[in-house]
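Structural overview
What follows is each chain in one-letter form.
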Amino acid sequence: MTELPSFRLDGKVALVTGASSGLGLRFAKVLAKAGASVALAARRTDRLRDLEKEIEAEGGKAISIALDVTNARSVVDAFEATEGALGPVDILVNNAGMNIEGRVVDMPETEYDRVMATNVKGAFLMAQQAAKRMIARKAGGRIVNIASIGAFTVLPGLAVYCMSKAAIAMMTRALAREWASKNINVTGICPGYIETELNSDWFHSDGGQKQIASFPRRRLGVESDLDGTLLLLCSEASRIMTGTLVTVDDAQSL
């Protein structure tokens, strides 16, 4: 019988942005559990160090790095710090992001700029820097961008967020095409509504419960629902997957 593909990441170095909470924190734990050494990157380094200790207590390897994805110098510094402590980055998980809820007619320019700078510019700078280094050492690698069903479905009250995630979806395809010959696989995950510490209060409110009742399966996803997709896209099991956007939303966008 042909040997089944492995989702192990032993010997790989992964850099996860926005690792201090929510999906980023979960992604970092999953990659470490699969054998990768993980650079935990975010602005809130105090929370990163708690996660670092947790990963190391379970036999993994991790380092904490202060990172502002909107600042090009900070992005370069993050890669330099990762390489110095763990080695060259094989896997980038472009997870850092934010949203601002509100009507477009009421949206201040500064808030629009903040969303776009974090969600789009930040992901672009991280992918650009990762690719430069992967190409220079002729090693290839994986870049996984975290988009959203908002990339192709209007989420009420989140117009600017949806616009930014649509940009991430097209960026994923464009970069995949440009870097295919360099053996760099660029893919994206488009999650639906997943309960995290950032939205838990809303989904336990009357309004949140009403929203959940409108979903086809009348439930939220949980962070672990993305584990399999993440490991697939980061491992050799996805060797010929690039430019792919994987929707994981429990039919919420249908």
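The rules behind the values
Along each chain, residues carry numbers from 1 onward, in the same order as the chain's sequence is written. For this predicted model, a pLDDT threshold of at least 70 governs which residues receive local features, and a threshold of 80 or more governs which side-chain atom pairs are given and counted, while totals over whole chains, interfaces and linings are taken from all residues. Only hydrogens and water are set aside; all other atoms, that is, all heavy atoms of the structure, feed into the side-chain values. Whenever Lys or Arg places a side-chain nitrogen within 4 Å of a carboxyl oxygen from Asp or Glu, that contact is recorded as a salt bridge. Per the convention used, a helix needs a DSSP run of H or I reaching at least four residues, while a strand needs a run of E reaching at least two, with both numbered from the N terminus. When accessible area is computed with a 1.4 Å probe and restricted to protein chains, residues below 20% of their type maximum are described as buried, those above 50% as exposed, and intermediate ones as partly exposed. Here the rule is simple: two strands pair whenever DSSP picks up at least two bridges between them. A fitted line through C-alpha atoms serves as each axis, taken over the contacting stretch for helices, and the angle formed by two N-to-C directions is quoted from 0 to 180°. Pairing of aromatic rings covers Phe, Tyr and Trp, the last through its six-membered ring, and needs centres within 6.5 Å; plane angles under 30 degrees mean stacked, over 60 mean edge-to-face, and all others mean tilted.

**Here we look at the pattern of salt bridges**
- Scanning the model with the defined rule gives 13 salt bridges in all.
- Salt-bridge contacts for Arg-47 lead to Glu-197; the nearest nitrogen and oxygen are separated by 3.1 Å. With Arg-47 in helix α2 (residues 45-57) and Glu-197 in the loop between β7 (194-195) and α6 (200-203), this residue pair connects regions lying 150 residues apart in the sequence.
- Across the pair Glu-80 and Arg-133 runs a salt bridge, and its minimum N-O distance is 3.1 Å. Of this pair, Glu-80 sits in helix α3 (residues 72-85) while Arg-133 is found in helix α4 (residues 109-136), placing the two residues 53 residues apart along the sequence.
- Residue class for Glu-80 comes out partly exposed when judged on its relative accessible area of 42%.
- A residue is classified by how much of its surface remains accessible, and Arg-133, at 15% relative accessible area, is buried.
- Here the residues in one salt-bridge network are Glu-80, Glu-83 and Arg-133, joined through shared partners.

**Description of the sheet that holds strand β6 (residues 184-191)**
- Pairing is parallel across the open sheet formed by seven strands, whose spatial order is β3-β2-β1-β4-β5-β6-β9. On the outer flanks of this sheet lie β3 (61-66) and β9 (245-248), each paired with one strand and no other. Ignoring which end each strand starts from, the neighbouring axes of this sheet average 20 degrees apart.
- Pairing of strand β5 (residues 141-146) with β6 involves six bridges; the strand directions are parallel. Note that in β6 the partner of Val-144 across the bridge is Thr-187.

**A few points about the packing of aromatic side chains**
- Counted by the stated rule, this structure contains two aromatic pairs.
- Ring centres of Tyr-193 and Phe-203 lie 6.0 Å apart, and the angle between their planes is 80 degrees; on these two criteria the pair is classed as edge-to-face. Remark: Phe-203 occurs in helix α6 and Tyr-193 occurs in the loop between β6 and β7; sequence separation between them is ten residues. Comparing Tyr-193 with Phe-203, the two get one shared label, buried.
- Taking the centre distance of 5.2 Å and the plane angle of 20 degrees together, the rings of Tyr-193 and Phe-215 count as stacked. In this pair, Tyr-193 sits in the loop between β6 and β7 while Phe-215 sits in the loop between α7 (206-213) and β8 (221-222), placing the two residues 22 residues apart along the sequence. With respect to burial, Tyr-193 and Phe-215 carry one shared label: buried.
- Members of the aromatic cluster, joined through ring pairs, are Tyr-193, Phe-203 and Phe-215.

These values are about where atoms sit, not about what they do.
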